[in-house]
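As a plain string of letters, each chain reads:
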Amino acid sequence: MKALQYRTIGAAPEVVTVPDPEPGPGQVLLKVTAAGVCHSDIALMSRPAEALSFALPLTLGHEGVGTVAALGAGVSGLAEGDDVAVYGPWGCGTCAKCAEGKENYCPRAEALGIRPPGLGAPGSMAEYLLVDDPRHLVPLAGLDPVAAVPLTDAGLTPYHAIKRALPRLVPGSTAVVIGAGGLGHVAVQLLRALTPARVVALDISEDKLRLARQVGAHEAVLSDAGAVAAVRELTAGLGAQAVFDFVGAPPTVTLAGALAAIEGEISIVGIGGGALPVGFGTLPYEVTVSSPYWGSRGELTEVLALARAGALSVHTETYSLDEAPLAYERLRQGLVDGRAVILPHG
Ligand code: NAD
Ligand code: ZN
Ligand code: ZN
């Protein structure tokens, strides 16, 4: 089958032919209908060899949806032809975190060599994807594959971060979204659907600010030297009760700290290498700072339910598998509006 692989440190990913996978006992084989392109892949492909904890080549794609093509021995509860979304952060399945559905925080996964598809295990940017266990699959139940696939990460990750901040996002509060890209433009919609907060989006690109307004941001502000003053003015000097940083670079985490209100919450979701010092006097009183990773299985079912209820409109642009390297190049250049989605059979 055809697959998009990251093969050489620092080089662009390549479309190659690899052996057709076959499901072993307990596994499920999916015919991939759509695979999402995440900025984390670009971060991964920018790392030096010693910073990778797995060997290349790697088939990319940690957002995936597909149709069940074959069941390994002993698999029940699914049938060939079922349309499913893949929960990506695979854990051991037996520890306390996994029992809660928080496989994203499984403390045993690394030692056991369990890695998410596309982030160590072969990913969804291929004609077929092997899923290690049926518990990683959530029924699509009528959702369109292209619109649904970004929800497995670009939806789930902000959903998890926002859910933690819900008690602070009362009427009259403000939520700031830094970076209105794949994750950020879904975050704006999640905030509108789940909270009465005023939503302020920040980006360095006018196109992304336009997208943020289009999907529901009350305000869209250029992320430049004037951003702190602009947001303070919008909040009568108080700042934002929640700040979600979908860039996570040194200037944006500093910005997040400057935009937070007393008792506010800052979520550093972007993996841009920034760090925010926490100590008495460095931030407004009692600000909470966290760096969440992905979300739980239960939260994925909630995000998909919200989409089914019509509350989310993910902006996508689609590419064939042969065009996938172009999708990554466009993402790197900041040219993707919303999420790029690869159609391996398209
Ligand atoms: P993206 O490229 O689609 O979006 C990033 C957006 O940030 C773009 O719109 C860009 O214009 C904007 N931006 C860049 N610099 C900015 C600045 N200084 N101020 C304001 N906006 C700025 O990327 P994405 O796929 O949405 O991913 C966003 C980040 O989240 C990446 O760092 C990615 O690796 C990370 N991520 C983290 C998790 C997690 O679990 N923590 C999960 C998925 C993605
Ligand atoms: Zn991702
Ligand atoms: Zn576990």
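The structure under discussion appears in the preceding block.
Rules used in this analysis
Residues numbered from 1 in each chain as written. Chains lettered and ligands numbered in written order. Predicted model: local features only at pLDDT ≥ 70, side-chain atom pairs only at ≥ 80, totals over all residues. Heavy atoms only, no water. Near = heavy atom within 4 Å. Polar contact = N/O pair within 3.5 Å; in protein donor to acceptor, adjacent residues only side chain to side chain. Areas by Shrake-Rupley, 256 points an atom, 1.4 Å probe, with all protein chains shown as cover. Helix = DSSP H or I, 4+ residues; strand = E, 2+ residues; numbered from the N terminus. Pairing = 2+ DSSP bridges. Donors = N, O, S within 2.8 Å, 3.2 Å for Na, K, Ca; no water. Tetrahedral: all angles 85-135°; square planar, octahedral: opposite > 155°, others 65-115°. Buried < 20%, exposed > 50% of the residue type's maximum accessible area, 1.4 Å probe, protein only. Core = buried A, V, L, I, M, F, W, Y, C linked by side-chain atoms within 4.5 Å. Domains from an automatic or database assignment. Contact = heavy atoms within 4.5 Å.

## Let's talk about the site of ligand 1
Phase 1 of the analysis: Residues in contact with ligand 1 amount to 27 residues; listed here are only the nearest, His-39, Ser-40, Asp-203, Trp-294 and Arg-339.
Phase 2 of the analysis: Within the backbone of Val-269, one N or O atom sits 3.0 Å away from a nitrogen atom of ligand 1.
Phase 3 of the analysis: Ile-271 has a polar backbone atom sitting 3.0 Å from an oxygen atom of ligand 1.
Phase 4 of the analysis: With the chains in place, 88% of the 870 Å² that ligand 1 exposes on its own is no longer accessible.
Phase 5 of the analysis: When contributions to the shell around ligand 1 are tallied by element, the ones reaching two or more residues are α1 (39-44), α6 (182-194) and β10 (198-203).

## Topic: the sheet that holds strand β1 (residues 2-6)
Phase 1 of the analysis: Across the sheet, 3 strands lie side by side as β2-β1-β4; this open sheet has antiparallel pairing. Unpaired on one side and paired on the other, β2 (14-17) and β4 (58-59) mark the two borders of the sheet.
Phase 2 of the analysis: Summarising the sheet, β1 and β4 pair through 2 bridges and their orientation is antiparallel. Bridge pairing in β4 links Tyr-6 to Leu-58.

## Notes on the coordination of the zinc ion (ligand 3)
Phase 1 of the analysis: The protein atoms that coordinate the zinc ion (ligand 3) are Cys-92 (SG), Cys-95 (SG), Cys-98 (SG) and Cys-106 (SG), at distances of 2.3 to 2.4 Å.
Phase 2 of the analysis: Because the angles between the 4 donor atoms bound to the zinc ion (ligand 3) fall within 105 to 116 degrees, the donor set is best described as tetrahedral.
Phase 3 of the analysis: Motif for the zinc ion (ligand 3), donor spacing along one chain: C-x2-C-x2-C-x7-C. Separated by 11 residues along the polypeptide, Cys-95 in the loop between β6 (83-86) and α2 (96-99) and Cys-106 in the loop between α2 and α3 (109-112) bring together distant segments of the chain. This pair shows no difference in class: Cys-95 is buried, exactly as Cys-106 is.

## Section: the nonpolar core
Phase 1 of the analysis: Counting 81 residues, the largest nonpolar core has Leu-30, Met-125, Phe-244 and Ile-342 as its most contacted members.
Phase 2 of the analysis: Taken together, domain 1 (2-153 + 295-343) and domain 2 (156-290) each give at least three residues to this core, which thus spans both.
Phase 3 of the analysis: With residues up to four places along the chain from it excluded, the contact list for Ile-342 reads Thr-33, Ala-34, Ala-35, Val-37, Met-125, Tyr-319, Ser-320, Leu-321, Ala-324 and Ala-327.
Phase 4 of the analysis: Grouped together as the second largest cluster of nonpolar side chains are 19 residues, Val-221, Val-231, Ala-260 and Leu-276 included.

## Some words on the coordination of the zinc ion (ligand 2)
Phase 1 of the analysis: Surrounding the zinc ion (ligand 2) are the protein donor atoms Cys-38 (SG), His-62 (NE2) and Asp-153 (OD), which sit 1.8 to 2.3 Å from the metal.
Phase 2 of the analysis: When the donors of the zinc ion (ligand 2) are listed by position in the chain, the intervening gaps give C-x23-H-x90-D. Placement of the pair is His-62 in the loop between β4 and β5 (63-71) and Asp-153 in the loop between α4 (145-148) and α5 (156-165), with a sequence separation of 91 residues.
Phase 3 of the analysis: Classification of His-62 as buried rests on a relative accessible area of 5%.

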